[in-house]
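Summary of structural features
Okay, here's what each chain looks like letter by letter:
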Amino acid sequence: MLTQTLRDLERKGYVKRTVFPKVPVRVEYELTKMATGIVKPLYQLVSWANEHYDDIKHCRKSYDDRISS
């Protein structure tokens, strides 16, 4: 599953894959320039979600309680 995810990220241009032809073969992945542009907004989204975690948890519980009734 990890290999499939990494290949998909490479295909979309988010990561660059470098293969070092040694024994055993070594592979490195790094974010592309395009992908580094999303790091800051993504961090802000995660920070926002963490800040509102209790509200989100409360809304989920309220919704689940209402649906299961």
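Residues numbered from 1 in each chain as written. Predicted model: local features only at pLDDT ≥ 70, side-chain atom pairs only at ≥ 80, totals over all residues. Heavy atoms only, no water.

**Concerning the pairing of strand S2 (residues 26–31)**
Which entries qualify depends on this criterion: Paired strands, as defined in this entry, are two strands with at least two bridges between them according to DSSP. Helix numbering and strand numbering both begin at the N terminus, where a helix is a DSSP run of H or I of at least 4 residues and a strand a DSSP run of E of at least 2.
Of the pairings in the sheet, the one linking strand S1 (residues 15–20) to S2 comprises six bridges and is antiparallel in character. For Phe-20, the partnering residue across the bridge sits in S2 and is Arg-26. Taken together, S1 and the strand that follows it, S2, pair antiparallel across an intervening segment of five residues.

**Digging into the environment of Ile-38**
Secondary-structure assignment places Ile-38 in helix H2 (residues 33–51). A sequence separation of 26 residues divides Ile-38 from Asp-64, and the C-alpha atoms of the two residues are 33 Å apart.

**Some thoughts on the side chain of Thr-32**
Where we set the bar: Exposure categories follow from relative accessible area, calculated using a 1.4 Å probe and restricted to protein chains: below 20% of the type maximum is buried, above 50% is exposed, and the middle band is partly exposed. Any two residues having at least one pair of non-hydrogen atoms within 4.5 Å are treated as being in contact.
Tracing the backbone through its elements, the reader meets Thr-32 in the loop between S2 and H2. Look at Thr-32 and you get buried, because its relative accessible area is 18%. When residues no more than four places from it in sequence are discounted, the contact partners of Thr-32 are Gly-13, Tyr-14, Val-15 and Lys-16.

**Describing the UniProt feature "domain: HTH hxlR-type" (unreviewed entry) in the protein chain**
Heads up, the condition is: UniProt positions are given in the numbering used here, feature names are shortened, and annotations may be inferred rather than shown by experiment.
Per the UniProt entry, the sites bearing "domain: HTH hxlR-type" (unreviewed entry) are residues 1–57 in this numbering. Secondary structure over residues 1–57 splits into 60% helix and 21% strand, and the C-alpha atoms at its two ends are 29 Å apart.

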